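Chain and residue survey
Residue-level listing of the chains:
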Amino acid sequence: MTGKWLDIGPVTQIEPGSARTLPVAGGEEIAVFRTMQSECYALINKCPHKQGPLSQGLVHGSVVTCPLHNWNISLKTGKALGDDEGCVPTIPMRVDAGRMLLLREAAIGGGIIAPADEVA
Ligand code: FES
(Lines give C-alpha, C1' and ligand atoms only; values in the text may rest on other atoms or scores of the structure.)
Protein backbone atom coordinates (compact mmCIF):
# COMPACT_ATOMS: atom_id res chain seq x y z
CA MET A 1 0.00 0.00 0.00
CA THR A 2 1.37 3.40 -0.86
CA GLY A 3 0.66 6.54 1.04
CA LYS A 4 2.15 8.13 4.05
CA TRP A 5 4.36 5.20 5.02
CA LEU A 6 7.07 3.63 2.92
CA ASP A 7 7.58 -0.12 3.36
CA ILE A 8 11.30 -0.87 3.41
CA GLY A 9 11.09 -4.57 4.12
CA PRO A 10 10.87 -7.11 6.94
CA VAL A 11 12.37 -6.22 10.27
CA THR A 12 14.14 -9.59 10.27
CA GLN A 13 16.52 -8.34 7.57
CA ILE A 14 18.38 -6.44 10.31
CA GLU A 15 20.12 -8.44 13.02
CA PRO A 16 19.33 -7.16 16.53
CA GLY A 17 22.04 -4.75 17.61
CA SER A 18 22.97 -3.69 14.10
CA ALA A 19 21.95 -1.44 11.24
CA ARG A 20 21.51 -1.38 7.48
CA THR A 21 21.75 1.51 5.12
CA LEU A 22 19.14 2.71 2.72
CA PRO A 23 20.39 4.72 -0.24
CA VAL A 24 18.38 7.76 -1.22
CA ALA A 25 19.12 9.04 -4.71
CA GLY A 26 19.51 12.79 -4.51
CA GLY A 27 19.29 12.73 -0.74
CA GLU A 28 21.11 11.64 2.36
CA GLU A 29 21.72 7.96 3.04
CA ILE A 30 19.56 6.61 5.85
CA ALA A 31 20.72 4.20 8.55
CA VAL A 32 18.01 1.93 9.94
CA PHE A 33 18.88 0.47 13.34
CA ARG A 34 17.42 -2.45 15.24
CA THR A 35 18.29 -2.61 18.92
CA MET A 36 18.81 -5.72 21.00
CA GLN A 37 15.32 -5.00 22.38
CA SER A 38 14.09 -5.13 18.76
CA GLU A 39 13.17 -1.46 18.62
CA CYS A 40 13.80 0.20 15.27
CA TYR A 41 15.04 3.70 14.54
CA ALA A 42 16.04 5.54 11.38
CA LEU A 43 18.60 8.35 11.23
CA ILE A 44 20.53 10.10 8.54
CA ASN A 45 23.74 8.08 8.28
CA LYS A 46 26.07 10.91 9.28
CA CYS A 47 27.46 11.57 12.71
CA PRO A 48 26.86 15.17 13.81
CA HIS A 49 30.56 15.43 14.68
CA LYS A 50 32.42 14.75 11.40
CA GLN A 51 29.90 12.75 9.43
CA GLY A 52 31.08 9.31 10.49
CA PRO A 53 28.93 6.40 9.24
CA LEU A 54 26.69 5.74 12.22
CA SER A 55 25.44 2.52 10.62
CA GLN A 56 28.87 1.02 11.36
CA GLY A 57 28.77 2.00 15.01
CA LEU A 58 28.18 -0.10 18.09
CA VAL A 59 24.53 -0.24 19.18
CA HIS A 60 23.88 -0.45 22.92
CA GLY A 61 20.47 0.20 24.39
CA SER A 62 18.94 2.94 22.27
CA VAL A 63 22.33 4.54 21.61
CA VAL A 64 24.90 4.14 18.83
CA THR A 65 28.57 4.86 19.35
CA CYS A 66 30.10 6.44 16.28
CA PRO A 67 32.91 4.31 14.82
CA LEU A 68 35.17 7.31 14.21
CA HIS A 69 35.58 9.16 17.50
CA ASN A 70 33.20 7.35 19.84
CA TRP A 71 30.54 10.00 20.27
CA ASN A 72 27.33 8.50 21.63
CA ILE A 73 24.24 9.37 19.64
CA SER A 74 20.69 8.77 20.83
CA LEU A 75 18.79 6.68 18.31
CA LYS A 76 15.55 8.17 19.63
CA THR A 77 16.42 11.84 19.19
CA GLY A 78 19.56 11.91 17.03
CA LYS A 79 21.24 14.03 19.68
CA ALA A 80 24.81 13.65 20.84
CA LEU A 81 24.93 12.56 24.47
CA GLY A 82 27.19 13.56 27.34
CA ASP A 83 29.42 16.57 26.82
CA ASP A 84 29.17 16.44 23.04
CA GLU A 85 26.82 18.67 21.11
CA GLY A 86 25.10 18.12 17.82
CA CYS A 87 22.10 16.41 16.34
CA VAL A 88 21.46 14.26 13.31
CA PRO A 89 18.00 14.21 11.70
CA THR A 90 15.81 11.24 12.58
CA ILE A 91 13.17 9.74 10.32
CA PRO A 92 9.93 8.64 11.98
CA MET A 93 9.36 4.92 11.53
CA ARG A 94 7.26 2.11 12.91
CA VAL A 95 7.02 -1.62 12.60
CA ASP A 96 3.71 -3.09 11.55
CA ALA A 97 3.13 -6.81 11.08
CA GLY A 98 6.87 -7.36 10.92
CA ARG A 99 7.43 -4.76 8.19
CA MET A 100 9.48 -1.61 8.67
CA LEU A 101 7.69 1.55 7.60
CA LEU A 102 9.34 4.95 7.20
CA LEU A 103 7.42 8.19 7.13
CA ARG A 104 7.60 8.78 3.40
CA GLU A 105 8.09 12.52 3.24
CA ALA A 106 10.74 12.51 5.94
CA ALA A 107 12.60 9.61 4.36
CA ILE A 108 12.63 10.87 0.82
CA GLY A 109 12.91 14.61 1.32
CA GLY A 110 14.08 15.96 -1.99
CA GLY A 111 15.44 12.63 -3.15
CA ILE A 112 14.20 9.24 -4.21
CA ILE A 113 14.63 5.98 -2.33
CA ALA A 114 16.74 3.94 -4.68
CA PRO A 115 15.19 0.61 -5.61
CA ALA A 116 17.94 -1.22 -3.77
CA ASP A 117 17.51 -4.96 -3.81
CA GLU A 118 18.82 -5.17 -0.26
CA VAL A 119 15.68 -3.49 1.01
CA ALA A 120 13.22 -5.24 -1.28
S1 FES B 1 32.54 11.56 13.28
FE2 FES B 1 31.37 10.58 14.78
S3 FES B 1 32.43 10.94 16.61
FE4 FES B 1 33.59 12.00 15.12
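The name given to the chain in an unreviewed UniProt entry is Nitrite reductase small subunit NirD, and the organism recorded there is Pontixanthobacter rizhaonensis.

Quick notes on the overall build of the chain
The number of helices and strands found in the chain is one helix and 12 strands. When the 120 residues of the chain are sorted by exposure, 43% land in the buried category. Counted over contacts in the chain with a minimum sequence separation of 6, partners at least 24 positions apart contribute 46%. For the chain, the computed accessible surface area is about 6400 Å², with 51% contributed by carbon and sulfur atoms.

Some words on the pattern of salt bridges
Within the structure shown, the criterion is met by three salt bridges. Note that Asp7 and Arg99 form a salt bridge whose closest N and O atoms lie 3.0 Å from each other. Pair noted here: Asp7 is in strand β1 (residues 5–10) and Arg99 is in strand β11 (residues 99–103), with a separation of 92 residues, a long-range link. A salt bridge links Lys46 to Glu28; the shortest N-O distance between them is 3.1 Å. Taken as a pair, Lys46 in the loop between β5 (40–44) and β6 (58–60) and Glu28 in the loop between β3 (24–25) and β4 (30–34) lie far apart in primary sequence, 18 residues in all.

Rules behind the numbers
Residues numbered from 1 in each chain as written. Predicted model: local features only at pLDDT ≥ 70, side-chain atom pairs only at ≥ 80, totals over all residues. Heavy atoms only, no water. Helix = DSSP H or I, 4+ residues; strand = E, 2+ residues; numbered from the N terminus. Buried < 20%, exposed > 50% of the residue type's maximum accessible area, 1.4 Å probe, protein only. Contact = heavy atoms within 4.5 Å. Areas by Shrake-Rupley, 256 points an atom, 1.4 Å probe, with all protein chains shown as cover. Salt bridge = Lys/Arg side-chain N within 4 Å of Asp/Glu carboxyl O.

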